[in-house]
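# Close look at the chain arrangement
The chain contents come next:
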Amino acid sequence: MSYLIRKDRGNNQYQNLNKDGSSLYNNLRKHSIISSLILSVCLVFLIFSLWNFTRSLQKTERHILFLNTKQSLLQTTSTKFLSFGLDSSLLRNMKKFPLLEKKFINLARHLSPAYVRIGGTSADCLYFNETIDNSSEIIDNDISNFTITEQDFLHLYKFVEKSKLRMLFDFNVLLRNSNGTWNNNNAREILNFAKSQKMSIDWQLGNEPNSFHHVFNINISAQQLAEDYYNLRLLLNEIGFEDSILIGPEANHIGDTDNESQRGDKYVKEFLDNNKNSVNFVSWHQYYLNGREAKVEDFLNPQIFNILSNQIKFLQQAINSVEKNISMWLSETGSAFGGGAPEMSDRFIAGFLYLDKLGYSASVGHQVVIRQSFFGGNYAMVGPDLNPNPDWWLSVFYKEFVSNKVLKLETPNNFGTLRLYAHCTADKSLINKMPAITVYGMNLNNYPIKILIQGFKSSFKNSVIFLYTLTADNLQSRTIKMNGEELKLLSNGDLPPFNPVVQQIGQFITLPAHSMIFMVMHGVKMSACYG
């Protein structure tokens, strides 16, 4: 219509609309404004939709991973690789320690086989069957001396025995003679009692000795500690514990270039230079964060995760420099030191650091990883109500699906937000003895991603992937879900059935945002797993 009006009125007619066509002009003007507004809104909507679509395309990441079925094993860890600790401070009040409660024992038994380490700062304050003088001023109860009885030690061992675990006990190294050497009289009493009760125990001496000056205002050189360890080894052999494992030196601050006076890798080097082959494994402690300062975002930051790999490199260099062929134990570790980060270290979000630590430590040859702590503190695997926290469930899944035989999984970048590892599948999860491998890990992104594992062929008709995806309603949840269902123990304390999502091999697998996953690939034959 506007076209016809223009043609009828000629080129100069719009100049006269105020005289004979003002209403028509106003209507046209209104229509023009409305049309422009509609067009503008449509353009904005189109631009936003295209931006959102492009953004979603960017977030639909796809990753291709390769698994060589002809490879040799990358590593073989201890069958007790995933282990846990009970801090020595718990022994200060045995009446509040639920050692012999059936529910507590049951939760520990579900993680068997494992070592349970009885150690920590209070280990160097512990006396056995002695009346001690605590009359001096106590500045910090955590470093005050205390005593346990034969009955206490017996209860401790009964818990370990009923839980089908293996005890690792930390002797007090701060009992010193006047010439500066270790006084082993108290340790001898413990060993004699343990022998009389036919106990099978492994041992260590002292906790984080390179930090003694900071904690106790005492110095014990690495050379002196090596001599003390040698004397302990002779004592173990004398009393009948010659088959017991002895690990040390329990150093912390590995690779801490900001704190040279406490730097643990240098302490380990000097210790190994002087230890006379008295220890079976080199042991060290590791935490990522300060529990009083940690933030939620730290538990998802790849730079925090990569602290571990850098520390292991420093420690390995120390071992290589003294030309020792000795494996490592991560004998105390968690997400955050100082008892853990409140409402984080015992929640769903802590599982990412924990699972990655298990995967990476196994891939570089650590024999054992001991998580601090099974009970007590803000990093507990089991809460004060004796209900399991998410890391307990994560440990159950690891025990269920992951064996001690480590494989190499070729990934584009395993130090970012997608972190995956491969092992032979645990025997208990094989179906009719059909070969299988387990790939496990996490997606740290706040959006889902897809992965495809290639490089193998399956000769079995029933080859499928069982997917067990772990998520939570929020990152700080104390509960954890598997394939969308909240995990709970059965009324009798048994594990619930783990019903997988079944997917065909050769298809892309979706990892939800902020998720952990165990993928059991049934029918994938790896000669290294069954050779």
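Everything here concerns the structure above.
These remarks concern the structure in this document. What you see is a predicted model; the values in this text were computed from it and never measured.

What counts and what doesn't
Residues numbered from 1 in each chain as written. Predicted model: local features only at pLDDT ≥ 70, side-chain atom pairs only at ≥ 80, totals over all residues. Heavy atoms only, no water. Pairing = 2+ DSSP bridges. Helix = DSSP H or I, 4+ residues; strand = E, 2+ residues; numbered from the N terminus. Axes fitted to C-alpha atoms, helices over the stretch in contact; angles between N-to-C directions. Contact = heavy atoms within 4.5 Å. Buried < 20%, exposed > 50% of the residue type's maximum accessible area, 1.4 Å probe, protein only. Phe/Tyr/Trp six-rings, centres within 6.5 Å; stacked < 30°, edge-to-face > 60°. Lys NZ or Arg CZ within 6 Å of the ring centre and 35° of its normal.

Spatially, eight strands are ordered β3-β4-β7-β8-β9-β10-β11-β12 in a closed barrel, and the strand pairing comes out parallel. Strand-to-strand twist of the sheet, defined as the mean angle between neighbouring strand axes without regard to direction, takes the value 30°. Examined bridge by bridge, strand β7 (residues 166–171) and strand β8 (residues 201–205) share five bridges and lie parallel to one another. Within β8, the position partnered with F171 by the bridge is L205. Docked against the sheet, helix α11 (residues 307–321) engages β10 (281–290) and β11 (328–337), running at close to 150° with respect to β10.

Time to look at unusual backbone geometry. It is generally the case that most residues other than glycine have a negative phi and that most peptide bonds are trans. A cis amide bond links G248 to the next residue, P249, at an omega of 10°. Locating P249 in the fold gives a position in strand β9 (residues 246–251). Of the consecutive residues Q372 and S373, the connecting peptide bond is found in the cis state with omega at 5°. Along the chain, the position of S373 falls in the loop between β12 (368–371) and α13 (390–401). One non-glycine residue, N129, adopts positive backbone phi at about 55°. Mapping N129 onto the fold places it in the loop between β5 (126–128) and β6 (146–148). The partly exposed category is assigned to N129, whose relative accessible area is 35%. For N277, which is not glycine, the phi dihedral falls at a positive 55°.

By secondary structure assignment, the location of T131 is in the loop between β5 and β6. Sequence separation between T131 and T147 is 16 residues, and the spatial gap between their C-alpha atoms is 7.3 Å.

Spatially, β1-β16-β21 is the arrangement adopted by the three strands of the open sheet, whose pairing is mixed. The strands lining the two open edges of the sheet, one partner per strand, are β1 (61–66) and β21 (509–511). Each adjacent strand pair in this sheet contributes to an overall mean axis angle of 30°, direction not counted. Two elements, β1 and strand β16 (residues 449–454), share six bridges in a ladder whose sense is parallel. Within β16, the position partnered with R62 by the bridge is K450.

For the structure shown, the criterion picks out 32 aromatic pairs. Their ring planes at 80° and their centres at 6.2 Å tell us that F169 and W203 sit as a pair that is edge-to-face. With F169 in strand β7 and W203 in strand β8, this residue pair connects regions lying 34 residues apart in the sequence. Like W203, F169 is buried. Taking 5.8 Å as the distance between ring centres and 50° as the angle between the ring planes, the aromatic pair formed by F397 and F401 counts as tilted. With F397 and F401 both in helix α13 and four residues apart, this pair spans about one turn of that helix. Looking at F397, the relative accessible area reads 0%, which means it is buried. Taken together through their ring pairs, the aromatic side chains of F81, F397, Y398, F401, Y421, Y440, Y468, F498 and F518 make up a single cluster. The positively charged end of R62 is found above the aromatic ring belonging to F508, 4.6 Å away from the centroid. Of note, K276 hangs over the ring of Y230, and the distance from its end group to the ring centre comes to 4.5 Å.

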